[in-house]
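Per-entry structural report
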Amino acid sequence: QVQLVESGGGLVQAGGSLRLSCTASLRTFSYYDMGWFRQAPGKGRDFVAAFNWSTGSKTYADSVKGRFTISRDNAKNTAYLQMNSLKPEDTAVYYCAARYYSRSYSGSPYDYDYWGQGTQVTVSS
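Presented here is a report on the structure given in the accompanying data block.

Before going further, it helps to spend a moment on the pairing of strand E5 (residues 45-51). Burial runs high along E5: five of the seven residues are buried. If you look at the hairpin formed by strand E4 (residues 32-39) and E5, you'll find five residues sitting between the two strands, and Gly42 has a positive phi there, around 75 degrees. Taken together, the three bridges between E5 and strand E6 (residues 58-60) define a ladder with antiparallel strand orientation. Looking across to E6, one finds that Ala50 is bridged to Thr59. Counting the residues in the hairpin turn of E5 and E6 gives six residues, including Gly56, whose phi is positive at 75 degrees.

Among the nonpolar cores identified, the biggest contains 34 residues, and Met34, Trp36, Val48, Phe68, Leu81, Met83 and Tyr94 are the most heavily contacted of them. Non-local contacts of Phe68, meaning those with residues more than four positions away in its chain, are made with Arg38, Val48, Tyr60, Leu81, Gln82, Met83, Asn84, Leu86, Asp90 and Tyr94.

Parameters and conventions
- Residues numbered from 1 in each chain as written.
- Predicted model: local features only at pLDDT ≥ 70, side-chain atom pairs only at ≥ 80, totals over all residues.
- Heavy atoms only, no water.
- Buried < 20%, exposed > 50% of the residue type's maximum accessible area, 1.4 Å probe, protein only.
- Helix = DSSP H or I, 4+ residues; strand = E, 2+ residues; numbered from the N terminus.
- Pairing = 2+ DSSP bridges.
- Core = buried A, V, L, I, M, F, W, Y, C linked by side-chain atoms within 4.5 Å.
- Contact = heavy atoms within 4.5 Å.

Have a look at this one:
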């Protein structure tokens, strides 16, 4: 059974930083795009960032460009989301997701095959 397990969420003041981790029990982790999404109360699941397995390209939502960085360590089957200069509007449950053997990035949650359980990030003003 495939599992994605997120960690690293928490409460932080505006301007602070957090690093989220997502460890996946995927045998061929290196062939998966890894994405991060977030969902605030009463809202849909929004794209945050993605890391293409083939090209190594990284794509970000406009709202997080220059503040968040996605990375991965294939040897550890782990993806990361470094979040700097956090704002109260970044408050949400953050989910990691995996998409197998894609040819280009996708910002749609419907295109991803596996999901983690989510980790809460709360940014106080």
